[in-house]
Amino acid sequence: MGNVPNTNQSHHAPGMDALAHTAVLALGSNLGESETTLEQAAADLVHLSGGAVRLVGASGLYVTEPVGGPADQPDYINAILEVRTSLDPYALLVLCQQVEAHHHRVRLVRWGPRTLDIDVITYDDLVSDDPVLTLPHPRAHERAFVLVPWEQANPQAQLMVRTASGWANRAVAELAREVSAADSHANVNAVKLLRPMNFMPEEA
Ligand SMILES: Nc1ncnc2c1ncn2[C@@H]1O[C@H](COP(=O)(O)OP(=O)(O)OP(=O)(O)O)[C@@H](O)[C@H]1O
Ligand SMILES: Nc1nc2c(c(=O)[nH]1)N=C(CO)CN2
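Definitions and limits used
Residues numbered from 1 in each chain as written. Chains lettered and ligands numbered in written order. Predicted model: local features only at pLDDT ≥ 70, side-chain atom pairs only at ≥ 80, totals over all residues. Heavy atoms only, no water. Near = heavy atom within 4 Å. Polar contact = N/O pair within 3.5 Å; in protein donor to acceptor, adjacent residues only side chain to side chain. Areas by Shrake-Rupley, 256 points an atom, 1.4 Å probe, with all protein chains shown as cover. Helix = DSSP H or I, 4+ residues; strand = E, 2+ residues; numbered from the N terminus. Nonpolar A, V, L, I, M, F, W, Y, C, P; charged D, E, K, R; others polar. Expected span 1.5 Å × (residues − 1). Buried < 20%, exposed > 50% of the residue type's maximum accessible area, 1.4 Å probe, protein only. Core = buried A, V, L, I, M, F, W, Y, C linked by side-chain atoms within 4.5 Å. pLDDT = per-residue confidence, 0-100. Contact = heavy atoms within 4.5 Å. Salt bridge = Lys/Arg side-chain N within 4 Å of Asp/Glu carboxyl O.

### Considerations on the site of ligand 1
Alright, step 1. Not every one of the 16 residues close to ligand 1 is listed here, only the nearest: V120, V132, T134, R139 and R143.
Alright, step 2. Here an oxygen atom of ligand 1 sits 2.7 Å away from a polar atom, N or O, in the main chain of V132.
Alright, step 3. Summarising the interface, the protein chains cover 79% of the accessible area of ligand 1, which totals 620 Å² for the free molecule.
Alright, step 4. Taken together, the elements giving at least two residues each to the shell around ligand 1 come down to α2 (89-102) and β5 (117-123).
Alright, step 5. Tallying contributions element by element places β5 first for the shell around ligand 1, with three residues.
Alright, step 6. Grouping the amino acids of the shell around ligand 1 by side-chain chemistry returns six nonpolar, three polar and seven charged.

See below:
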């Protein structure tokens, strides 16, 4: 799964059993040194959590055309991380916001350029309409810059999507194909694999 060193086996990872929850995080940046920012953010999530977050999967770094926001903003670098965590969903969101702050996130307009954005895409199978933490992320299913890297990180990934009659569990791979057919801005052609993420040895 992804490019993270295979250290998520229990004999390499004391305490892994306590990391009972799985979450998917989407990272994006289009200001500053975006590639290193995303790699550093992955390390920060692990280190700032004090052992409460472990990386278990990662996509490569993707170059993606901006969706929404000002027309003239630079392309983004996007990536997906799959983590195991003992944090509850709100504590995980706070951690993501701390890592954003650590990278001096600046954002002046909605969907405008930013040094680092970390969205919680899913947390176990939790569904919530809370505006502070909406799960799954309400726009994930329509964003090629989330779906395409996520499929690479985990080809078997599933996402709960709201339908007219309730919720449906959909394959991320299938959703990625659908958005590419439906919307030129979300077209998978506008989402290009740049390279694998580099991880520091102590990080995984
Ligand atoms: N699943 C989620 N992940 C991250 N933030 C969320 C989520 N659900 C709700 N929020 C809330 O959204 C607020 C605004 O988030 P943010 O500024 O990152 O939005 P954005 O990245 O500009 O746009 P988008 O939400 O479309 O990605 C945050 O304060 C946070 O409380
Ligand atoms: N390509 C791309 N476009 C975006 C992104 C992003 O991460 N990548 N994030 C947004 C708000 O979260 C709005 N638009």
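### Description of helix α1 (residues 34-48)
Helical geometry note: an α-helix holds 3.6 residues per turn, so side chains three or four residues apart project in the same direction.
Alright, step 1. Helix length check: α1 (15 residues) gives 20 Å between terminal C-alpha atoms against 21 Å at 1.5 Å per residue, within 8%.
Alright, step 2. When we look at burial in α1, the residues that qualify are S34, T37, L38, E39, A41, A42, A43, D44, L45 and V46.

### A look at the nonpolar core
Alright, step 1. If you look at the biggest cluster of nonpolar residues, it comprises 31 residues, and the most contacted ones within it are L25, L81, L92 and M197.
Alright, step 2. Elements with a contribution of two residues or more to this core: β1 (21-29), α1, β2 (53-58), β4 (76-85), α2 and β5.
Alright, step 3. Formed by 21 residues, the second largest nonpolar core is a distinct cluster that contains I121, A140, W150 and V161.

### Side note on the confidence of the model for the chain
Alright, step 1. In this model, the chain carries a mean pLDDT of 87, and residues with pLDDT of at least 70 account for 81%.
Alright, step 2. Low pLDDT, under 50, characterises residues 5-12; the stretch is placed with nine contacts to residues that sit more than four places away or in other chains.
Alright, step 3. ipTM for the predicted complex: 0.96, alongside a pTM of 0.89.

### Points about the pattern of salt bridges
Alright, step 1. Following the criterion strictly, the structure yields seven salt bridges and no others.
Alright, step 2. Here E178 ties to R170 by a salt bridge, and the two come within 2.6 Å at their closest N and O atoms.
Alright, step 3. By relative accessible area, which is 39% here, E178 ends up partly exposed.
Alright, step 4. The network of salt bridges with common partners includes E35, E39 and R195.

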